Amino acid sequence: MSADQSTAPVWQEDIFKALKAANIKQVCYVPDAGHAHVIRRVHADPDMRAVVLTTEEEGVAMTSGAWLGGQRAVLLMQSSGVGNCINMMSLLQSCRFPFVTLVTMRGEYAEFNPWQTPMSKATQGSMELMGIKVLRASRPEEVGDIVGAALDAAFEGGEPVAVLLSQSLIGRKKWVSK
Amino acid sequence: MSNLKSNAATIERREFVTALLNELPKALVITGLGSSCYDVYAAGDRDRNFYLWGAMGGAAMIGLGLAIAQPNEQVVVVTGDGEQLMGLGSLSTIGAQQPKNLTIVILDNGHFGETGMQYSHTNLGTDLCAVAKACGIQNSFQVSDAKDVSKVVQTVRAANGPAVAQVFVKADDLPRALPSRDGVYIKNRFRQSLGLAPF
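Residues numbered from 1 in each chain as written. Chains lettered and ligands numbered in written order. Predicted model: local features only at pLDDT ≥ 70, side-chain atom pairs only at ≥ 80, totals over all residues. Heavy atoms only, no water.

### Examining the overall build of chain B
Link 1 in the chain: Per the secondary structure count, chain B includes eight helices and eight strands.
Link 2 in the chain: Here the C-alpha radius of gyration of chain B, 15 Å, is about what a compact globule of 199 residues would show, namely 16 Å.
Link 3 in the chain: C-alpha atoms of chain B, sized along the principal axes, occupy 50 × 35 × 30 Å.
Link 4 in the chain: By the burial criterion, 55% of the 199 residues in chain B qualify as buried.
Link 5 in the chain: Considering only intrachain contacts with a sequence separation of at least 6, the fraction spanning at least 24 residues in chain B is 74%.
Link 6 in the chain: When the accessible surface of chain B is summed, it comes to about 7800 Å², and 50% of that surface belongs to carbon and sulfur atoms.
Link 7 in the chain: Put simply, chain B has 17 plus and 17 minus side-chain charges, and the middle of one group is 6 Å from the middle of the other. (Helix = DSSP H or I, 4+ residues; strand = E, 2+ residues; numbered from the N terminus. Rg over C-alpha atoms; globule rule 2.2 N^0.38 Å. Buried < 20%, exposed > 50% of the residue type's maximum accessible area, 1.4 Å probe, protein only. Contact = heavy atoms within 4.5 Å. Areas by Shrake-Rupley, 256 points an atom, 1.4 Å probe, with all protein chains shown as cover. Lys, Arg positive; Asp, Glu negative; His and termini not counted. Charge placed at Lys NZ, Arg CZ, Asp CG, Glu CD.)

Structure, rendered in structure tokens:
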């Protein structure tokens, strides 16, 4: 285990454990600091495939393709990426694909960068408009359970689900002028 | 002004797609929306076809997820220049992953055929084959002669890495051939062809 992993918050390892327990094979992502631990763990796992994307909507299509081929996949992104996905999410409803995305929130808690705020305010509503069920985890001890519930709802119940990971979980970003 | 090879194209798109799929009876086929969807359906409906009626820009990425999930199957994406241009970044993502069993066939007529035949970017300077190569899809090539369909067939069968075939087709406005628009049905039928439960 690398130094990074031993210092990552427990809730981030809990997400990885939930993905493993649900037999997730493909994890595609546009990176975020809050996902960094899970991304490292997936890259290091020979039984999982980590796929870096150029834009988040690719992940909506990719997870659907994985399901067509019998594998379970999830999409990791930050809240600013949700807006990029909107039309591609029509695929989920039209074909009733199971879908799970884990979204780290920006723009809602001690946010320094105002450019993050507009999409942050629209994140939950825009996904709900596209027919996606939205859950939220705000306390470290509930993260693993909520992610597990989302994976069950999707892959056992056929629902498209997003889990928002509150910015307060990730903590204040340190902004220091260079 | 336009400067594309497709303006001198001789390939009939439906004949080309039919010849291609006749040689690849087991291939898993993802279509783009619009003309490429109609072309694949006109070649004969198959359980192993997944037709897009929307989700523009997503065909190649559906192909990637599928190719990773089913590494021993031939995965062929049949799409158009406009659909691939909307998902240009996916060529970069696919280049990074190097799936051996994924071939993307771009039927390039240099136009947006479904919306009034406006010029697309391939008619205005973008070389999709060069883009694919520059994204790390080394086996990217252009097809200007219908008999070279055999080269595409061999590429799919060889499964040596991701490939892009940019096929210059006539900018015809053909009668539509409409597959089912019931996405749930098409999805479940496709999965059943792989022995997967319909869900």
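Back to the text.
### Topic: the sheet that holds strand β1 (residues 24-29) of chain A
All names here are of chain A.
Link 1 in the chain: Across the sheet, which stays open at both edges, the six strands sit in the order β2-β1-β3-β4-β6-β5 with parallel pairing between neighbours. In this open sheet, the two strands that pair with only one neighbour each are β2 (49-52) and β5 (133-137). Shown here is a sheet whose adjacent strand axes are inclined to one another by a mean of 20 degrees, direction ignored.
Link 2 in the chain: Of the pairings in the sheet, the one linking strand β3 (residues 72-78) to strand β4 (residues 99-104) comprises four bridges and is parallel in character. Within β4, the residue paired with Met 77 across the bridge is Val 103.
Link 3 in the chain: Seen against the sheet, helix α8 (residues 143-155) touches β1, β3, β4, β5 and β6 (160-165) and runs at an angle of roughly 165 degrees to β6. (Pairing = 2+ DSSP bridges. Axes fitted to C-alpha atoms, helices over the stretch in contact; angles between N-to-C directions.)

### Observations regarding the interface of chain B and chain A
Link 1 in the chain: Taken residue by residue, the interface counts 28 residues in chain B and 30 residues in chain A.
Link 2 in the chain: Viewed at the interface, chain A and chain B are joined by zero salt bridges.
Link 3 in the chain: Taken together, the connections running from chain B to chain A amount to eleven residue pairs in polar contact (both at pLDDT 80 or more).
Link 4 in the chain: Secondary-structure elements contributing two or more residues to the side of chain B that touches chain A are α3 (59-69), α5 (88-97) and α8 (183-193) of chain B.
Link 5 in the chain: By residue number, the principal contributor to the side of chain B that touches chain A is α3(B), which donates seven residues.
Link 6 in the chain: A per-class count over the side of chain B that touches chain A returns 16 nonpolar, ten polar and two charged. (Salt bridge = Lys/Arg side-chain N within 4 Å of Asp/Glu carboxyl O. Polar contact = N/O pair within 3.5 Å; in protein donor to acceptor, adjacent residues only side chain to side chain. Nonpolar A, V, L, I, M, F, W, Y, C, P; charged D, E, K, R; others polar.)

### Considerations on the pattern of salt bridges
All names here are of chain A.
Link 1 in the chain: Tallied over the full model, the rule gives 17 salt bridges over all chains.
Link 2 in the chain: Between Asp 47 and Lys 25 there is a salt bridge whose closest N-O contact spans 2.8 Å. Within this pair, whereas Asp 47 is found in the loop between α3 (36-44) and β2, its partner Lys 25 is found in strand β1, the two being separated by 22 residues in sequence.
Link 3 in the chain: For Arg 106, the salt bridge goes to Glu 111, with nearest N and O atoms at 2.9 Å.
Link 4 in the chain: Several salt bridges converge on common partners, so that one network encompasses Arg 139, Glu 141 and Glu 142.

### So, the layout of surface pockets
Link 1 in the chain: Computed from the structure, the largest pocket encloses a volume of approximately 330 Å³.
Link 2 in the chain: Contributing to the lining of the largest pocket are 20 residues, with Leu33(B), Gly34(B), Ser35(B), Gly113(B) and Glu114(B) lying nearest its centre.
Link 3 in the chain: Of the residues that constitute the lining of the largest pocket, the class distribution is six nonpolar, ten polar and four charged.
Link 4 in the chain: Empty space within the second largest pocket amounts to approximately 280 Å³.
Link 5 in the chain: Forming the walls of the second largest pocket are 18 residues, and the residues nearest its centre are Gln12(A), Asp32(A), Ala33(A), Gly34(A) and Ile170(A).
Link 6 in the chain: Broken down by element, the residue count for the lining of the second largest pocket peaks at three residues, all from α3(A).
Link 7 in the chain: Split into classes, the residues belonging to the lining of the second largest pocket amount to six nonpolar, six polar and six charged. (1 Å grid on protein atoms, 1.4 Å probe; cavity = no way out; pocket = protein on both sides within 12 Å on 5 of 7 lines; lining within 4 Å. Points joined across faces, edges and corners; volume = space filled by probe spheres on them.)

### Here we look at helix α2 (residues 10-21) of chain A
An α-helical turn contains 3.6 residues, so a residue and the one three or four places further along point in the same direction.
Residues and elements named next belong to chain A.
Link 1 in the chain: A rise of 1.5 Å per residue sets the reference length of α2, with its twelve residues, at 16 Å; its end C-alpha atoms lie 16 Å apart and thus fit the reference within 8%.
Link 2 in the chain: Those residues of α2 that fall on the buried side of the exposure criterion are Trp 11, Gln 12, Glu 13, Ile 15, Phe 16, Ala 18 and Leu 19.
Link 3 in the chain: Phi turns positive, to about 60 degrees, at Asn 23, one or two residues after α2. (Expected span 1.5 Å × (residues − 1).)

### Observations concerning the nonpolar core
One recurring pattern in soluble globular proteins is that nonpolar side chains are buried together.
Link 1 in the chain: Ranked by internal contacts, the top residues of the largest apolar core, which has 112 residues, are Leu151(A) and Phe50(B).
Link 2 in the chain: Counting residues per element, this core draws most heavily on α3(B), at eight residues.
Link 3 in the chain: Discounting chain neighbours no more than four positions away, the residues touching Leu151(A) are Ala18(A), Leu19(A), Ala22(A), Ile24(A), Val74(A), Val100(A) and Glu156(A). (Core = buried A, V, L, I, M, F, W, Y, C linked by side-chain atoms within 4.5 Å.)

### Describing the sheet that holds strand β8 (residues 163-168) of chain B
Residues and elements named next belong to chain B.
Link 1 in the chain: The strand order across the open sheet formed by six strands is β2-β1-β3-β4-β8-β7, and the pairing between neighbours is parallel. For this open sheet the edge positions go to β2 (49-50) and β7 (139-143), each flanked by a neighbour on one side alone.
Link 2 in the chain: When β7 meets β8, the two strands line up parallel, connected through five bridges. Opposite Asn 139, over in β8, you have Ala 163 as the bridge partner.
Link 3 in the chain: Contacts between helix α1 (residues 13-22) and the sheet are confined to β1 (28-31), β3 (75-80), β4 (102-108), β7 and β8, with β4 contributing the most and set at about 165 degrees to the helix.

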